[in-house]
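Below, each chain spelled out in residue letters.
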Amino acid sequence: MDATDRAILSLLQVEGRLSNQELAERVRLTPSPCLRRVRNLEETGVIRGYRAVIDPAAVGRGFQVLAYVELKGQDAETVTAFEAAVMEIDDVVECLRMFGHPDYVLRVAVPDMEAYSQLRLERLGRLPGLDKLTSQIAMKALKPGGVLPL
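What you see as residue numbers is a count from 1 along each chain, following the sequence as written. Note on the predicted model: pLDDT of at least 70 is required for a residue's local features to be given, and 80 or more for side-chain atom pairs to be given and counted; whole-chain, interface and lining totals, by contrast, use all residues. Hydrogens and waters are ignored; side-chain quantities use all the structure's heavy atoms.

A.B. asks: Please clarify how helix 4 (residues 76-87) should be interpreted in this entry.
C.D. replies: Helical geometry note: an α-helix holds 3.6 residues per turn, so side chains three or four residues apart project in the same direction. Secondary structure elements are defined from DSSP: runs of H or I of at least 4 residues count as helices, runs of E of at least 2 residues count as strands, and each element is numbered from the N terminus. To estimate how far a helix should extend, the number of its residues minus one is multiplied by 1.5 Å. Here helix 4 is twelve residues long and its end C-alpha atoms lie 16 Å apart, about the 16 Å a rise of 1.5 Å per residue gives. Next to the buried residues of helix 4 lie strand 1 (63-71), strand 2 (92-97) and strand 3 (104-110). Contacts: residue pairs with any heavy atoms within 4.5 Å of one another.

A.B. asks: In this structure, what is going on with the side chain of Asp 5? I would like to understand it.
C.D. replies: For Asp 5, the location among the structural elements is in helix 1 (residues 3-14). Only protein chains enter the accessibility calculation, which uses a 1.4 Å probe. A residue is then buried if its area is under 20% of the maximum for its type, exposed if over 50%, and partly exposed in between. The class for Asp 5 is buried, based on a relative accessible area of 11%. If we ignore the near neighbours within four places in the chain, the residues touching Asp 5 are Arg 37 and Leu 41.

A.B. asks: How should the sheet that holds strand 1 be read in this particular structure?
C.D. replies: In a beta sheet, neighbouring strands pair by backbone hydrogen bonds and run either parallel or antiparallel. Pairs of strands are assigned from DSSP output, requiring at least two bridges between the strands. Read across the open sheet, the four strands follow the order 2-3-1-4; overall the sheet is antiparallel. Strands at the two margins of the open sheet, each flanked by one partner only, are strand 2 and strand 4 (130-137). Here the strands of the sheet are splayed against their neighbours by 20 degrees on average, with no regard to which way each runs. Of the strand pairs in this sheet, strand 2 and strand 3 are connected by five bridges, and their pairing is antiparallel. Note on strand 3: the bridge partner recorded for Arg 97 is Tyr 104. Helix axes use the C-alpha atoms of the stretch in contact, all axes being lines fitted to C-alpha atoms, and the angles between their N-to-C directions lie in the range 0 to 180 degrees.

A.B. asks: Help me understand the pattern of salt bridges, please; the structure alone is not making it clear to me.
C.D. replies: Pairs can form between side chains of opposite charge whenever their charged atoms are close. Here a salt bridge means any side-chain nitrogen of Lys or Arg lying within 4 Å of a carboxyl oxygen belonging to Asp or Glu. In total, this model carries seven salt bridges according to the counting rule given. The salt bridge involving Glu 22 is made with Arg 26; its shortest N-O contact spans 2.8 Å. Here the residue Glu 22 and the residue Arg 26 both occupy positions in helix 2 (residues 20-26), the gap between them amounting to four residues, near one helical turn. One network of salt bridges, in which partners are shared, links Asp 2, Asp 5 and Arg 37.

A.B. asks: I tried to follow unusual backbone geometry on my own but got confused; where do I start?
C.D. replies: Most peptide bonds take the trans configuration, and most residues that are not glycine carry a negative phi. Here the residue pair His 101 and Pro 102 is connected by a cis peptide bond, since its omega of 0 degrees sits within 30 degrees of zero. Tracing the backbone shows Pro 102 in the loop between strand 2 and strand 3. Unusually for a residue other than glycine, Arg 28 sits at a positive phi of about 60 degrees. For Arg 28, the location among the structural elements is in the loop between helix 2 and helix 3 (31-43). When its relative accessible area of 75% is taken as the criterion, Arg 28 is described as exposed.

A.B. asks: Looking at this structure, I do not really get the environment of Gln 136. What am I missing?
C.D. replies: Here Gln 136 is to be found in strand 4. Along the primary structure Gln 136 and Leu 150 are separated by 14 residues, whereas in three dimensions their C-alpha atoms are 31 Å apart. Residues within four places of Gln 136 in sequence aside, it is in contact with Gln 64, Val 65, Leu 66 and Tyr 68. Of note is the side chain of Gln 136, whose polar atom sits 3.1 Å from the side chain of Tyr 68. Two N or O atoms form a polar contact when they lie within 3.5 Å of each other; inside protein one atom must be a possible hydrogen donor and the other a possible acceptor, and for residues adjacent in sequence the pair counts only when both atoms belong to side chains.

A.B. asks: How should the packing of aromatic side chains be read in this particular structure?
C.D. replies: Each aromatic ring pair is specified by the distance between its two centres and by the angle formed by the two planes. Here the aromatic set is Phe, Tyr and Trp, taking the six-membered ring for Trp, and pairing holds for ring centres within 6.5 Å; pairs whose planes are under 30 degrees apart are stacked, those over 60 apart are edge-to-face, and all others are tilted. Summed over all chains, the structure comprises one aromatic pair. Measuring from ring centre to ring centre gives 4.5 Å for Phe 82 and Tyr 104, while their planes differ by 40 degrees; the resulting arrangement is tilted. On the criterion of sequence distance, the pair formed by Phe 82 in helix 4 and Tyr 104 in strand 3 is long-range, its members being 22 residues apart. Residue classification places Phe 82 among the buried residues on the basis of a relative accessible area of 0%.

A.B. asks: Could you clarify how one ought to interpret the packing of helix 1 against helix 3 in this entry?
C.D. replies: Packed helices, taken two at a time, are described by their axes: the angle between them and the distance between them. Two elements in contact, helix 1 and helix 3, have axes whose closest approach is 11 Å; the angle formed by their N-to-C orientations is 75 degrees. By the angle between their directions, the pair helix 1 and helix 3 is classed as roughly perpendicular. Residues Thr 4, Asp 5, Ile 8, Leu 9 and Leu 12 of helix 1 lie in contact with helix 3, whose contacting residues are Cys 34, Arg 37, Val 38 and Leu 41. Under this grouping Gly is polar, as are all residues other than the nonpolar Ala, Val, Leu, Ile, Met, Phe, Trp, Tyr, Cys and Pro and the charged Asp, Glu, Lys and Arg. Tallied by class, the residues present in the contact of helix 1 with helix 3 amount to six nonpolar, one polar and two charged. When describing relative orientation, an angle under 35 degrees is termed roughly parallel and one over 145 degrees roughly antiparallel, while 65 to 115 degrees is termed roughly perpendicular and anything else oblique.

Here's what the structure looks like:
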């Protein structure tokens, strides 16, 4: 990966809908080589996809919770069962497996406190292998999603 690839990535992280023509102009390439570079970045998995950034509150998901999970065990069966179950919960919009404690951090997006309370009781609290579940409510998202420094 060279400086031109990094410039392409920096621009697409912020403005994923740039036309190839505009992108090429900004990185000082002609359109054909620019498109080849973008396709190569896609094919090699550097660019994993394109998506719209949605305001959670605008779609009724403005109540953001971080849930810290500790499992009863760390054996493959427990971890696999827990991770498979988490993948089935649409309200969990991000799941990170951690080194140390907690074992996992879940980012949950729901309409309100009542919805989170119900989710915690009916789904999160019944996750396989769950030992401890601690929740914190986000007051404000200062840097959601973030941009990778390139």
